Amino acid sequence: MIIQNTIAIARPPEVVFDYITDLAREPEWNDALTAVDSLRGGPPRAGSIYCVRFETVGESLIEYDEFERPVLWVTRATGKRLDVRFTGRISPRPLGCRVTLETELLPHGVLRLVRPLLERAMWTSWERHLAAIKSTLEREESQSPVAPSMHSRRKSA
């Protein structure tokens, strides 16, 4: 089963894409993520690999399989207890963008028995995460200083 979450965010697609795909910033909106280490350095891109630690499922490796800024990223996470396939899409809209996330959980061992519960928990988590992302990014926009207009600048004598 593929879990799908969507939200509209009143910010440009590039801003939203850069924020969501930067795993180093994920702890700002996902308190279950306790550690992030880049294994290849540099900004996220296709081929980037991260070692992450989640409070509930432990350590995982996340690899970016596709990275097409600002519209698409595909990752896969492999862990001892759970693997995850993930696709994120961002579509421009007149007042910002729409984020669509698709998550497929592939539990191992005993976790397979509770897969429906895991899927419901993941859907609920992404709803909460997307609301936090939206709030953060839209608040940043509203707090950005407005550049003075060209007409309000004074010329020095």
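Here the structure is a predicted model, which means the values were calculated and not measured.

About the thresholds
- Residues numbered from 1 in each chain as written.
- Predicted model: local features only at pLDDT ≥ 70, side-chain atom pairs only at ≥ 80, totals over all residues.
- Heavy atoms only, no water.
- Salt bridge = Lys/Arg side-chain N within 4 Å of Asp/Glu carboxyl O.
- Helix = DSSP H or I, 4+ residues; strand = E, 2+ residues; numbered from the N terminus.
- Buried < 20%, exposed > 50% of the residue type's maximum accessible area, 1.4 Å probe, protein only.
- Phe/Tyr/Trp six-rings, centres within 6.5 Å; stacked < 30°, edge-to-face > 60°.
- 1 Å grid on protein atoms, 1.4 Å probe; cavity = no way out; pocket = protein on both sides within 12 Å on 5 of 7 lines; lining within 4 Å.
- Points joined across faces, edges and corners; volume = space filled by probe spheres on them.
- Nonpolar A, V, L, I, M, F, W, Y, C, P; charged D, E, K, R; others polar.
- Pairing = 2+ DSSP bridges.

I would appreciate a short explanation of the pattern of salt bridges in the present structure.
For side chains bearing opposite charge, pairing can occur when the charged atoms are close. Per the stated rule, a full pass over the model turns up nine salt bridges. Where Glu119 meets Arg115, a salt bridge forms, and the shortest distance between an N and an O atom there is 2.9 Å. Residue Glu119 and its partner Arg115 are both found in helix α2 (residues 115–143); the two are separated by four residues, about one turn of the helix. Overall, the relative accessible area of 9% leaves Glu119 in the buried class. Relative accessible area serves as the criterion here: at 24%, Arg115 is assigned to the partly exposed category. Taken together, the shared-partner salt bridges connect Arg25, Glu28 and Glu140 into one network.

Which parts of the structure should I look at to understand the packing of aromatic side chains?
With the rule as written, the count across this model stands at seven aromatic pairs. Here the aromatic rings of Tyr50 and Tyr64 are separated by 6.0 Å at their centres, their planes lie at 70 degrees, and the arrangement is edge-to-face. Here Tyr50 is found in strand β3 (residues 49–54), whereas its partner Tyr64 is found in strand β4 (residues 58–68), with 14 residues between them in sequence. Tyr64 shares its class with Tyr50; the two are buried. A ring pair is formed by Phe86 and Trp126, whose centres lie 5.4 Å apart and whose planes are at 25 degrees; its orientation type is stacked. Of this pair, Phe86 sits in strand β6 (residues 82–93) while Trp126 sits in helix α2, placing them 40 residues apart in sequence. Neither Phe86 nor Trp126 differs from the other in exposure class; each is buried. In this structure an aromatic cluster arises from ring pairing among Phe17, Trp29, Tyr50, Tyr64, Phe67, Trp73, Phe86 and Trp126.

What's the story with the environment of Gly109 in this structure? I'm lost.
Here Gly109 shows up in the loop between β7 (96–107) and α2. Residue Gly109 is classed as partly exposed on the basis of its relative accessible area of 39%.

Would you take a moment to explain the layout of surface pockets for this structure?
The gaps of empty space that remain are located by a probe, the size of a water molecule, rolled over the atoms. Each pocket or cavity is described by its volume, and for the largest pocket that value is around 700 Å³. Together, 29 residues line the largest pocket, and Asn30, Phe54, Val84, Met122 and Trp126 are the ones closest to its centre. In terms of residues, the lining of the largest pocket owes the most to one element, α2, which gives seven residues. For the lining of the largest pocket, the residue count by class is 18 nonpolar, eight polar and three charged.

When you look at the pairing of strand β5 (residues 72–79) in this model, what are you seeing that I'm missing?
Looking along a regular strand, one sees the side chains alternate between the two faces of the sheet. Among the eight residues of β5, six are classified as buried, and the element is accordingly described as predominantly covered. Here β4 folds back onto β5 in antiparallel fashion, the turn holding three residues.

Read these as layout, nothing more, since geometry by itself doesn't imply function.
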